[in-house]
Amino acid sequence: MTTLRYEVVAVFGPTASGKSAVARRVADELDTEVVSADALQVYRGLPILTNQPAETTALVGIRDLADVMSVGDYAELAHESIDDLVRRRGTAVVAGGTGLYLRAALADLEIPPVVQASERRRTEALYDTDPGVAHALLVELDPATAQAVHVNDRRRVVRALELASVGSTLVPAADRLWSDATRRPTVIVGLDLAAHDLDRRIAARTDEMIRRGVADEVRRAVRGPISHTAEKALGLRELATLPLDEAREAIVARTRRYAAYQRKWMRRIPGIVLVDADRPVDEVADDILDLARAR
């Protein structure tokens, strides 16, 4: 029997890096299961677009497209899934490319509360009328955050004011986000690929999605209600509004930008161990298993 140094093995990688296949191979070797840390795979109805794994994976396809899924909602479900796997199997494998969801799965972030839509509209209107006045109000309500957030950063000023209105703040959340603290002993592995290799994989995967019928899938999905969180699925807007050839080019370009963002996020994760992912899945999985085993 393999003795492990960790209760949780986390696999992070940019889109098209092969993390789902690698995580599945690691989980099979450890006789456990995979927990998804992907903000869009939680939704039913878009399995091709969100690249949902064929094998049963925790927290995949659990919500209707009309449902709003917050990070706090996800964190609670992820903690339950991980704790259950550790109790039953001794370890859990977590796989994802949504950095915030991965961190929420692995740690106690004390997620800031969800603010009512009416409060957000009021705060956005205040900022759009006069950013200086909005920032001055933030100085009054939360001076520490005001010092860290530039007046021209609309999104963060609005969010900081929302949180201040309910007695919370952005600053501790940012500190916890980039801490190396985890709920359970955890090894975090990042799948590393050169940008040109990732670009090639993204184009190939987009073509495969089109071959599998992603355009029809999206057309069916947009006939019904879609929440503001579900509509962020990469490619949904393009496939719903553009001719297929134009949608394909737009999706590839947008996915490449997102992958570049993911690669930057990956390198900021405290304690992450990068492994070369431009190899067969079994070789990558074996390296991860070596990291997880007791020495």
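All of these numbers come straight from a predicted model, not from anything done at the bench.

What follows deals with the packing of aromatic side chains. Under the defined criterion, the tally for this structure stands at three aromatic pairs. Seen in terms of ring centroids, Tyr258 and Tyr261 are 6.3 Å apart; in terms of plane orientation they differ by 25 degrees. Their pairing is stacked. Of the two residues, Tyr258 and Tyr261 are both situated in helix α12 (residues 244–268); the distance of three residues between them amounts to about one turn of the helix. For Tyr258, a relative accessible area of 29% translates into the label partly exposed. Taking the relative accessible area as the measure of exposure, Tyr261 reaches 47% and is therefore partly exposed. Ring pairing ties together the aromatic residues Tyr258, Tyr261 and Trp265, which thus form one cluster.

What follows covers helix α10 (residues 214–221). Those residues of α10 that fall on the buried side of the exposure criterion are Val214, Ala215, Glu217, Val218 and Ala221. Summarising the axial view, the buried residues of α10 lie within an arc of 160 degrees, below the 170-degree limit, and thus occupy one face. On its buried face, α10 is in contact with α9 (195–211), α11 (236–241) and α12.

One can find Val71 in helix α2 (residues 71–89). Taking relative accessible area as the criterion, Val71 reaches 17% and is therefore assigned buried. A C-alpha to C-alpha distance of 7.8 Å links Val71 and Leu100, two positions 29 residues apart in sequence. Setting aside anything within four residues of it in sequence, one finds Val71 in contact with Leu100, Tyr101, Ala104 and Ile111.

Our focus in this paragraph is the pattern of salt bridges. Using the criterion set out here, one finds 29 salt bridges in the structure. In this structure, Arg89 engages Asp31 in a salt bridge whose closest nitrogen and oxygen atoms are separated by 4.0 Å. Residue Arg89 is found in helix α2, and its partner Asp31 is found in the loop between α1 (19–29) and β2 (34–36); the two are separated by 58 residues along the sequence. In this structure Arg89 comes out as partly exposed when scored by relative accessible area, which is 34%. You can call Asp31 exposed: its relative accessible area is 54%.

This part covers the packing of helix α4 (residues 117–129) against helix α7 (residues 154–165). Closest axis-to-axis distance for the α4/α7 pair is 9 Å, and the angle between their directions is 130 degrees. It follows that α4 is oblique to α7 by the angle criterion. Judged by the sense of rotation from one axis to the other, the crossing of α4 with α7 is right-handed. Facing Glu119, Arg120, Thr123, Glu124, Leu126, Tyr127 and Asp128 of α4, the residues of α7 in contact are Arg154, Val157, Val158, Arg159, Leu161, Glu162 and Ser165. Class assignment of the residues belonging to the contact of α4 with α7 gives a composition of five nonpolar, two polar and seven charged.

Before going further, it helps to examine the environment of Arg237. Take Arg237: it is sitting in helix α11. The sequence separation of Arg237 and Ala285 amounts to 48 residues, and the corresponding C-alpha distance is 35 Å.

Strand order across the open sheet formed by five strands is β2-β3-β1-β4-β5, with parallel pairing between neighbours. The open sheet has two edge strands, β2 and β5 (273–276), and neither has a second partner. Looking at each pair of strands side by side, their axes are set apart by 25 degrees on average, direction ignored. Along the sheet face, α1 touches β1 (8–12), β2, β3 (92–96) and β4 (186–192) and points at about 175 degrees away from the line of β3. Of the strands in this sheet, β1, β3 and β4 are in contact with helix α3 (residues 99–106), which crosses β1 at around 175 degrees.

Here we come to the nonpolar core. Grouped together as the largest cluster of nonpolar side chains are 47 residues, with contacts concentrated most on Leu46, Leu49, Tyr74, Ile82, Val94, Leu102 and Leu239. Put simply, the parts of the chain that give this core at least two residues each are β1, α2, β3, α3, α10, α11 and α12. Among the elements that make up this core, the one with the highest residue count is α2 (seven residues). Setting aside anything within four residues of it in sequence, one finds Leu46 in contact with Gln52, Leu65, Glu217, Val218, Ala221, Ala233 and Leu236.

Our focus in this paragraph is the pairing of β3. The buried fraction of β3 amounts to five of the five residues, a majority that puts the element mostly inside the structure. Going residue by residue along β3, you find Ala92, Val94 and Gly96 tucked away on one face and Val93 and Ala95 tucked away on the opposite face as well. Pairing of β2 with β3 involves three bridges; the strand directions are parallel. Each bridged residue has a counterpart across the sheet, and for Val34 the counterpart in β3 is Val93. In this fold, the crossover linking β2 to β3 by way of α2 has right-handed handedness.

Definitions and cut-offs
Residues numbered from 1 in each chain as written. Predicted model: local features only at pLDDT ≥ 70, side-chain atom pairs only at ≥ 80, totals over all residues. Heavy atoms only, no water. Phe/Tyr/Trp six-rings, centres within 6.5 Å; stacked < 30°, edge-to-face > 60°. Helix = DSSP H or I, 4+ residues; strand = E, 2+ residues; numbered from the N terminus. Buried < 20%, exposed > 50% of the residue type's maximum accessible area, 1.4 Å probe, protein only. Arc of directions from axis to C-beta. Contact = heavy atoms within 4.5 Å. Salt bridge = Lys/Arg side-chain N within 4 Å of Asp/Glu carboxyl O. Axes fitted to C-alpha atoms, helices over the stretch in contact; angles between N-to-C directions. Parallel < 35°, antiparallel > 145°, perpendicular 65-115°, else oblique. Left-handed = near helix turned anticlockwise from the far one by under 90°. Nonpolar A, V, L, I, M, F, W, Y, C, P; charged D, E, K, R; others polar. Pairing = 2+ DSSP bridges. Core = buried A, V, L, I, M, F, W, Y, C linked by side-chain atoms within 4.5 Å. Right-handed = clockwise from strand over helix to strand, strands pointing away.

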